[in-house]
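Survey of secondary and tertiary structure
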Amino acid sequence: MLTQDQLKLAVAKKAIEFVPDDSIVGVGTGSTVNLFIEELAAIKGRIRGAVSSSDASTARLKAHHIPVFDLNEVDALPVYIDGADEINHHLHMIKGGGAALTREKIVASVAEQFICIADETKYVAMLGGFPLPIEVIPMARSYVARELVKLGGHPELRQGVTTDNGNVILDVHGLKIQKPVELEEIINHLAGVVTCGLFARRRADVLVLGRQSGVEEIR
Ligand code: 5RP
């Protein structure tokens, strides 16, 4: 029986196969991505560098002497590699467990291919078991929370967390997300919401899934 960490390591290693030579790679955030950064460091001679989705990943990349580019300096990103908190069979995701959702969504939007790396505990029939993170401008916190209650959720302020962009996170419990694209749209339109942790409009292109039976690619 493989542990969750062993499954994360297996997908981190597999993800290297998606990194083109001489490319700038979009790099996500989280414990699975941290393992991917270790693997990337081992092949850093064949890439130009990375665009990072968080201060935490930037620090790790720099510690490995991998050049980190500002997204504004980069015209195209062939791949973005990131984890997820939940992913369904349409490759819609919930992200933001590490509070990096806004920059993750920006880098993912630029990338030609989003490669999601996840262990099988993240693969679900319906999104919403994991509380949906929403990054909110601080002065809109109470208003947005009231609107989320109207949508059937139970928002909780993530205590002690300020995002890299200076905002707060509301984690919304109790949502059974049957229509992720529609819900993402509705939440995005609430004044004061910076980013909704649903990644459905820009879903993953490939899921590299770590299972007890081996690593599977789902498209
Ligand atoms: C960070 C994220 C991460 O991708 C997500 O939380 C998964 O993290 P981990 O690989 O540690 O399980 O969205 O904002």
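Just above, that's the structure.
Residues numbered from 1 in each chain as written. Predicted model: local features only at pLDDT ≥ 70, side-chain atom pairs only at ≥ 80, totals over all residues. Heavy atoms only, no water.

**Brief notes about the packing of aromatic side chains**
On inspection of all chains with the given rule, the structure shows one aromatic pair. Here Tyr-80 and Phe-114 contribute two aromatic rings whose centre-to-centre distance is 5.1 Å and whose plane-to-plane angle is 90 degrees, an arrangement assigned as edge-to-face. In this pair, Tyr-80 sits in strand E3 (residues 77-82) while Phe-114 sits in strand E6 (residues 111-119), placing the two residues 34 residues apart along the sequence. No difference in accessibility class separates Tyr-80 from Phe-114, as the two residues are buried. Residue placement shows Lys-95 over the ring face of Phe-199; its charged tip is 5.6 Å from the ring centre. When the ring centre of Phe-199 is taken as reference, the NZ or CZ atom of Lys-105 above it lies at 4.8 Å. (Phe/Tyr/Trp six-rings, centres within 6.5 Å; stacked < 30°, edge-to-face > 60°. Helix = DSSP H or I, 4+ residues; strand = E, 2+ residues; numbered from the N terminus. Buried < 20%, exposed > 50% of the residue type's maximum accessible area, 1.4 Å probe, protein only. Lys NZ or Arg CZ within 6 Å of the ring centre and 35° of its normal.)

**Re the environment of Leu-40**
Take Leu-40: it is sitting in helix H2 (residues 31-42). Along the chain, Leu-40 and Val-27 lie 13 residues apart, while their C-alpha atoms are 9.9 Å from each other. Leaving out residues up to four positions away in the same chain, Leu-40 has contacts with Ile-16, Val-19, Val-27, Ile-47, Leu-61 and Ile-66. (Contact = heavy atoms within 4.5 Å.)

**A short note on the site of the ligand**
Around the ligand sit 17 residues in total, of which Ser-31, Thr-32, Asp-85, Gly-96 and Lys-122 are the nearest. Here an oxygen atom of the ligand and a side-chain polar atom of Glu-104 are 3.1 Å apart. In the complex, 91% of the free accessible area of the ligand, which totals 380 Å², lies under the protein chains. Within the shell around the ligand, the residues separate by chemical class into three nonpolar, eight polar and six charged. (Near = heavy atom within 4 Å. Polar contact = N/O pair within 3.5 Å; in protein donor to acceptor, adjacent residues only side chain to side chain. Areas by Shrake-Rupley, 256 points an atom, 1.4 Å probe, with all protein chains shown as cover. Nonpolar A, V, L, I, M, F, W, Y, C, P; charged D, E, K, R; others polar.)

By themselves, these are just geometric observations and shouldn't be taken as functional.
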